[in-house]
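Overview (structure and organization)
The primary structure of each chain is shown beneath.
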Amino acid sequence: MLPDIKSQTAEELRIKFQSWSQSAYRVDQLLEWLYVHRVADWEAMTNLPKTLRDQLRTSFSLYSLELVRKQGSQDETQKFLWRLTDHSLIESVLIPASPALYGEASDRHTLCVSTQVGCAYGCSFCASGLEGLERNLRVEEIVDQVLGVERWHQRQGSKLPVEGGKLEEVEPATWNAQLGSKQRLISNLVIMGMGEPLANYTSLLKALTILNARWGGGIGARKITISTSGLVPQIRKLADEQLQFRLAISLHGATDETRNKIMPVNRKYPLSELTAACEYYQQKKGRMITFEYILIAGVNDGLDQIGPLARLAKRLNAKVNLIPYNKVEGLRWERPAEEAQERFLRALERQKVSATLRREKGHDIDAACGQLRLKTERELGEAAKALIE
Ligand code: SF4
């Protein structure tokens, strides 16, 4: 199997081009085709000589995700289901501008990115973990989620934000000229789609290096949030990396007792170890940590969680994102009533904890991570069964 061109850094490509006796500016031209024009075909790279295009074709693959299904909800959250070359399915979710979500007020669109096919961590409320881990995503499969969503919008000639955050109709033909690598449709990434991101550490870090680089995605490291269910050694390793990513912890319970019930990872890395690793991250990065807290009726939405959650949040100077549970077909967990959600939020605020309640965008489109994949696989399974019968 050839390495993919979107798994290569500019430095790696420069070395390769040098060995081919190609000028350095050819690398810049190639990168512009990949990350500004987002082309999916060597032949489209018209300013590269044919001999070089042929050399590239025989040395690298040029991979693009295949879109098999797209759902968009009324509030414009859009879910993309991609098929990989081995027919596995993964999801990415495009979330419209929401200053309170992960970044600053200038946020345009946030893309929630997957890092694995399935997940080995088996959180009991989660659709992604239901059928275990199939495999890690490769670098290009992570990178192309951003490019693939932008390509889709490019083809639609959709409403895109331009300077100053104002929305304007942009014709497809002028889209690329307006949105270079510094002005992308996607301004923020949250790495909390399917899979445990830090379990695919090496590929994730390389993909994020490419998506962050000025020659690549151009998305600032501070606009990239990596979420983990609590892999302590990898949190410490991430703290020692140069790039200043934001860290989010999928907490979903403020005591070991509650976390143990729904997140098997907590038995390996209990809260004391997780907290110490988060403190180390903060010391090294000086950055605020976010706690993701999915509110599940009768499991972690009781007011008994408020005291321990407030203590943890204050100790780590963490912000708490409360997310009402999205029902997953086949699982018994339920979303708490709105009243209970608001009560939980107010109780946290009374403890002087910075908290937001996500009045969930995407509630109506199988928004729970892994849901669309699961639904599509089940439908495909039914269709195959019907053909056999
Ligand atoms: S919540 Fe995250 S870590 Fe847990 S099973 Fe789902 S994808 Fe895996």
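Before going into details, it helps to say that this report is about the structure given with it. Everything quoted here is computed from the prediction, not taken from an experiment.

Conventions adopted
- Residues numbered from 1 in each chain as written.
- Predicted model: local features only at pLDDT ≥ 70, side-chain atom pairs only at ≥ 80, totals over all residues.
- Heavy atoms only, no water.
- Near = heavy atom within 4 Å.
- Nonpolar A, V, L, I, M, F, W, Y, C, P; charged D, E, K, R; others polar.
- Core = buried A, V, L, I, M, F, W, Y, C linked by side-chain atoms within 4.5 Å.
- Buried < 20%, exposed > 50% of the residue type's maximum accessible area, 1.4 Å probe, protein only.
- Contact = heavy atoms within 4.5 Å.
- Helix = DSSP H or I, 4+ residues; strand = E, 2+ residues; numbered from the N terminus.
- Pairing = 2+ DSSP bridges.
- Axes fitted to C-alpha atoms, helices over the stretch in contact; angles between N-to-C directions.
- Salt bridge = Lys/Arg side-chain N within 4 Å of Asp/Glu carboxyl O.

A short note on the site of the ligand
Contacts to the ligand come from Cys 119, Tyr 121, Gly 122, Cys 123, Cys 126, Ser 128, Gly 129, Gly 195 and Ser 229. Classifying every residue of the shell around the ligand gives four nonpolar, five polar and no charged.

Concerning the nonpolar core
With 104 residues, the main nonpolar core has Leu 30, Leu 56, Phe 125, Leu 189, Phe 291 and Val 320 as its most contacted residues. In contact with Leu 30, not counting residues within four places along its chain, are Ile 5, Leu 13, Phe 17, Trp 42, Met 45, Leu 48 and Leu 56. By size, the runner-up hydrophobic cluster in this structure holds six residues, among which are Val 93, Ile 95, Cys 112 and Met 192.

A closer look at the environment of Leu 65
Here Leu 65 shows up in the loop between α3 (50-59) and β1 (66-72). For the pair formed by Leu 65 and Glu 140, sequence separation is 75 residues and the distance between their alpha carbons is 9.2 Å. In this structure, Leu 65 is in contact with Trp 82, Leu 84, Ile 90, Glu 141, Asp 144, Gln 145 and Arg 151, ignoring residues within four places of it in sequence.

Comments concerning the sheet that holds strand β13 (residues 319-324)
Strand order in the open sheet made by the ten strands is β1-β2-β3-β4-β9-β10-β11-β12-β13-β14, with mixed pairing throughout. Among the strands making up the open sheet, the edge pair consists of β1 and β14 (355-357). This sheet shows a mean twist of 20° between the axes of neighbouring strands, independent of strand direction. The pairing of strand β3 (residues 89-95) with strand β4 (residues 109-112) spans three bridges and is classified as antiparallel. From the neighbouring strand, Leu 94 faces β4, where its bridge partner is Leu 111. Docked against the sheet, helix α11 (residues 306-315) engages β12 (289-295) and β13, running at close to 160° with respect to β12.

Some details on the pairing of strand β2 (residues 78-83)
Buried residues dominate β2, accounting for five of its six residues. When β2 meets β3, the two strands line up antiparallel, connected through six bridges. Among the inter-strand pairings, Gln 78 is bridged to a residue of β3, identified as Leu 94. Hairpin connection between β2 and β3: a loop of five residues separates the two successive antiparallel strands, and His 87 in this loop has a positive phi of roughly 75°.

Quick word on the pattern of salt bridges
For the coordinates displayed, the defined rule picks out 19 salt bridges. The salt bridge partner of Lys 6 is Asp 144, with a shortest N-O separation of 2.8 Å. Here Lys 6 is found in the segment before α1 (10-19), whereas its partner Asp 144 is found in helix α4 (residues 139-156), with 138 residues between them in sequence. The same class applies to Lys 6 as to Asp 144, namely buried. Note that Arg 57 and Glu 43 form a salt bridge whose closest N and O atoms lie 2.7 Å from each other. Linking Arg 57 in helix α3 with Glu 43 in the loop between α2 (24-35) and α3, this pair joins segments that are 14 residues apart in sequence. A residue is classified by how much of its surface remains accessible, and Arg 57, at 33% relative accessible area, is partly exposed.

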